[in-house]
Amino acid sequence: MERIAEKIKIDSFTLKMIAMLSMLADHIGAVLFPEQILFRVIGRLAFPIFAYTLVEGFFYTHDIKKYMCRIGILALLSEIPFDLTVSGKILEFGHQNIFFTLFISLLAVWGFKEKKWWLFAVSTFVICF
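The text that follows walks through the structure, step by step, so that each part is easy to find.

Basis of the calculations
Residues numbered from 1 in each chain as written. Predicted model: local features only at pLDDT ≥ 70, side-chain atom pairs only at ≥ 80, totals over all residues. Heavy atoms only, no water. Salt bridge = Lys/Arg side-chain N within 4 Å of Asp/Glu carboxyl O. Helix = DSSP H or I, 4+ residues; strand = E, 2+ residues; numbered from the N terminus. Buried < 20%, exposed > 50% of the residue type's maximum accessible area, 1.4 Å probe, protein only.

### What to know about the pattern of salt bridges
Now for step 1: Under the criterion given, the structure shown has 3 salt bridges.
Now for step 2: Across the pair Asp 26 and Arg 44 runs a salt bridge, and its minimum N-O distance is 2.9 Å. Linking Asp 26 in helix H2 (residues 12-32) with Arg 44 in the loop between helix H3 (37-43) and helix H4 (46-60), this pair joins segments that are 18 residues apart in sequence.
Now for step 3: Taking relative accessible area as the criterion, Asp 26 reaches 7% and is therefore assigned buried.
Now for step 4: Its salt-bridge partner being Glu 114, residue Lys 113 comes within 3.9 Å of it at the nearest N-O pair.
Now for step 5: A relative accessible area of 49% means that Lys 113 is categorised as partly exposed.
Now for step 6: Judged by relative accessible area, Glu 114 falls into the partly exposed class, the value being 39%.

Function-wise, these values are silent; they only describe arrangement.
The structure is reproduced here in structure tokens:
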């Protein structure tokens with residue numbers, strides 16, 4: 001069974017660009033045009049695309065620890081701008097950016113694949129919490 005991206009010939013870079021533009025539209029709508037729901041609707045495309053490319057990356061990476069490190073660094077670097085935009089505070093622990101969710105999801109997928117059930121269970125609990 002062919003993967004959807006292979007069938008319609010969209011590479012992962014193009015998918016990531018679509019997700020980033022979708023996320024940008026969401027953030028522009030949230031900050032500048034909060035009454036315009038269309039920006040937020042377009043923005044909701046970002047997470048499923050990022051989740052798909054994350055899992056694809058998991059299966060194709062040669063070094064899972066470096067891959068997790070890159071996602072974790074991206075989560076940390078984008079947290080302060082995210083918090084400033086959403087709450088006006090430098091650090092706000094009520095909401096984290098999407099890349100923390102993706103990082104924890106990657107830990108869960110890795111724990112499941114490697115049969116590290118404790119890692120899978122803890123990551124899944126954190127995601128649900």
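From this point, the narrative continues.
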